[in-house]
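Results of the structural survey
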Amino acid sequence: MRRQLILMISLAGPMMVMGEDVATPDVVPILRTYCLGCHSPTDPNGDFSMHTFAELSKGGEHGPALVAGKSGESRLYLMTSGQAEPKMPPEDNPAPTEGQIEVLRRWIDAGAAGPTDPNEAIVGDPVVPQVAPKVPPKSKILAAAWSPDGTRVALAGYQSVLVIDPATNYIEARLDGLAGMVSDVSFSADGQAIVTAAGIPGVRGEAVLWNWASGVKEKVFAGHSDALFAARLSPDRATLVTGGYDKAILVWDVASGSIRHELKGHNEAVNGLAYRPGMANVLASVSGDRTLKLWDQTSRQRLDTLSESLKDLQTLAFSNDGAFVLAGGGDNRIRAWSVSATGKEGSNTLIESRFAHEGVVLRLAMSPTSKQLASAGSDFLVKLWQWPGVKEERVLEKQSDWPSAVVYSPSGNDLLVARQDGTVSIYDPASGTKRRDLVPTVKPPPPPAIVRVMPIPATIGQTTRVVIAGVNLAASPQIKLSSTGLTATIASDPPVKNDSIAIDLVAAADLPLGRHELRIVTAGGESAPLAIEADTLANM
């Protein structure tokens, strides 16, 4: 069950480039204020969505709404001005003024120019007041994934994803700049890429393909009119499928970033997607409409609809051989179906329906061996089940918040549980005991190392400029000296660089002659000692 967000829509700022005789900021607020309430993409009246300029131009069941340069032939103007029936907006709704209707007419007659990207949403991103928290906010986690080689874990939160080394807890990468909450995250089959699903409710949804090591967005897939809840990359990285609150499943060509086609059939939000193992063309989806659907994404054919659930479905998982698919959701049960070789209607059979949680089944995960199933519920419990059979084996300790992700490591020896309060733990799935907490930690810089120095001698009673060459020197360096008769100041000119640092070394008049030591200390550690020879002769 997904928590709802009340959306405040900003009316400030232009979204379109208008004709030169029409004030740019004027047209979009009119459409937002008087039209989008009935012509949103979720359930548009007359099959006419005005979410984007492309949809506005296309029109609905009565044909195009705009004829560029001809307001007298444009239904948008004719119905708004009352010259065509039915008059819009309806009588019981606020209506634009005569002046605003005139703005629409002038804009259409000037050519009805739109944005550079016709799929840009007319509804702008919400303007959210910046209220400083009185206590440090919790970093909510909604999804997690384990890399195929088991060396990295991805944790998805608000506008960002952290990539963690689970052996050290060190943050290896941070993927920022995402739209709203990140509801789904997964690694590519080769572990080199990460796919995220996110969005702003009521505005847009987008998936991003990342090169996670460099933090570079390789592709952004923006075509949904509401927040995304799921995104899955095909094993060969050629196809991406996405689904979310707008009920649509879009099939994308990864190379071009374009939409191949849409899979239509769900009547509520698409909450989860999964490829059938061993059959990259077969896709399963679960929805708030209480159904699990099987699709052939290549032929666009809906293979079957499994509708035994009594409430919304939130999560799904295939067995690793693809012979079974399981789902759970609002009716507290885990159901399992056998899936035939073809997956076609009438050949897939319900084999299990098990009461699982005293609350919504939020997440399911199948172990790599397909001998154990993990489930997470809104009753704050994570349960482990024997598979086949969905027979309860053990219950983990009560969780501190809703467990929003359960993920097995590729070896199956660890089970990661992430929670909505931002905490993460790793459990032994064989015994159900907690191994450790995973606390994301900033990775310290590598320790400094000195390569060479010139000059080496320090003259008694004088100040000597010493230029030290090395590596990893720039992380807040400090100078550590072995003798109280030596002092050192880091020079500002030339500035400190990662491979060099200049210091002014002062040798007191009473400094003993001979060898002394200098070390560079940074956030990454301490360098090996550098020998300083104190002498009474000036450095030549």
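Just so you know, these numbers come straight off a predicted model, no measurement behind them.

Conventions adopted
Residues numbered from 1 in each chain as written. Predicted model: local features only at pLDDT ≥ 70, side-chain atom pairs only at ≥ 80, totals over all residues. Heavy atoms only, no water. Buried < 20%, exposed > 50% of the residue type's maximum accessible area, 1.4 Å probe, protein only. Helix = DSSP H or I, 4+ residues; strand = E, 2+ residues; numbered from the N terminus. Salt bridge = Lys/Arg side-chain N within 4 Å of Asp/Glu carboxyl O. Contact = heavy atoms within 4.5 Å. Pairing = 2+ DSSP bridges. Axes fitted to C-alpha atoms, helices over the stretch in contact; angles between N-to-C directions. Phe/Tyr/Trp six-rings, centres within 6.5 Å; stacked < 30°, edge-to-face > 60°. Polar contact = N/O pair within 3.5 Å; in protein donor to acceptor, adjacent residues only side chain to side chain.

This part covers helix 1 (residues 27-34). For an α-helix, 3.6 residues make a turn, and residues three or four places apart therefore share a direction. Counting buried positions over the 8 residues of helix 1 gives 7, a clear majority of the element. All of the buried residues in helix 1 are Val 27, Val 28, Pro 29, Ile 30, Leu 31, Arg 32 and Tyr 34.

This paragraph deals with the environment of Val 471. When you line up the elements, Val 471 lands in strand 32 (residues 463-471). Judged by relative accessible area, which is 39%, Val 471 ranks as partly exposed.

With that out of the way, let us pick up the pattern of salt bridges. Tallying each qualifying case throughout the model produces 21 salt bridges. For Lys 434, the salt bridge goes to Asp 437, with nearest N and O atoms at 3.1 Å. In this structure Lys 434 comes out as partly exposed when scored by relative accessible area, which is 38%. Of the residues examined, Asp 437 reaches a relative accessible area of 40% and is grouped as partly exposed. The salt bridge partner of Arg 519 is Glu 526, with a shortest N-O separation of 3.2 Å. Through salt bridges with shared partners, a single network forms among Lys 480, Glu 517, Arg 519 and Glu 526.

By the element assignment, Gly 525 lies in strand 37 (residues 525-526). When residues no more than four places from it in sequence are discounted, the contact partners of Gly 525 are Pro 447, Pro 448 and Ile 520.

Read from one edge of the open sheet, 4 strands run 5-6-7-8, paired in antiparallel fashion. Edge positions in the sheet fall to strand 5 (182-187) and strand 8 (216-224), since each has one partner strand and no second. The average angle at which neighbouring strand axes cross in this sheet is 15°, direction not considered. Pairing analysis gives 7 bridges linking strand 7 (residues 204-211) to strand 8, with the strands arranged antiparallel. By the bridge assignment for strand 8, Asn 211 is matched with Val 216.

One pass over the full model with this rule turns up 3 aromatic pairs. Seen from their ring centres, Phe 221 and Trp 252 are 5.4 Å apart, and the 70° between their planes marks the pair as edge-to-face. One end of the pair, Phe 221, is in strand 8; the other, Trp 252, is in strand 11 (residues 249-253), with 31 residues separating them in the sequence. For Phe 221, a relative accessible area of 1% translates into the label buried. Looking at Trp 252, the relative accessible area reads 2%, which means it is buried. A ring pair is formed by Phe 229 and Tyr 245, whose centres lie 6.2 Å apart and whose planes are at 80°; its orientation type is edge-to-face.

Below, the discussion takes up the side chain of Ser 370. Counting through the fold element by element, Ser 370 comes out in the loop between strand 21 (361-366) and strand 22 (372-377). A polar contact is formed between the side chain of Ser 370 and the side chain of Asn 320, at a distance of 2.9 Å. When sequence neighbours within four positions are dropped, the list of residues in contact with Ser 370 reads Ser 319, Asn 320 and Trp 387.

Now for the environment of Gly 243. Tracing the backbone through its elements, the reader meets Gly 243 in strand 10 (residues 239-244). As for Gly 243 and Val 286, which are separated by 43 residues in sequence, their C-alpha atoms are 9.7 Å apart. With sequence-adjacent residues up to four places away left out, Gly 243 is seen in contact with His 224, Leu 228, Phe 229, Ala 230, Ala 248, Val 270 and Leu 273.

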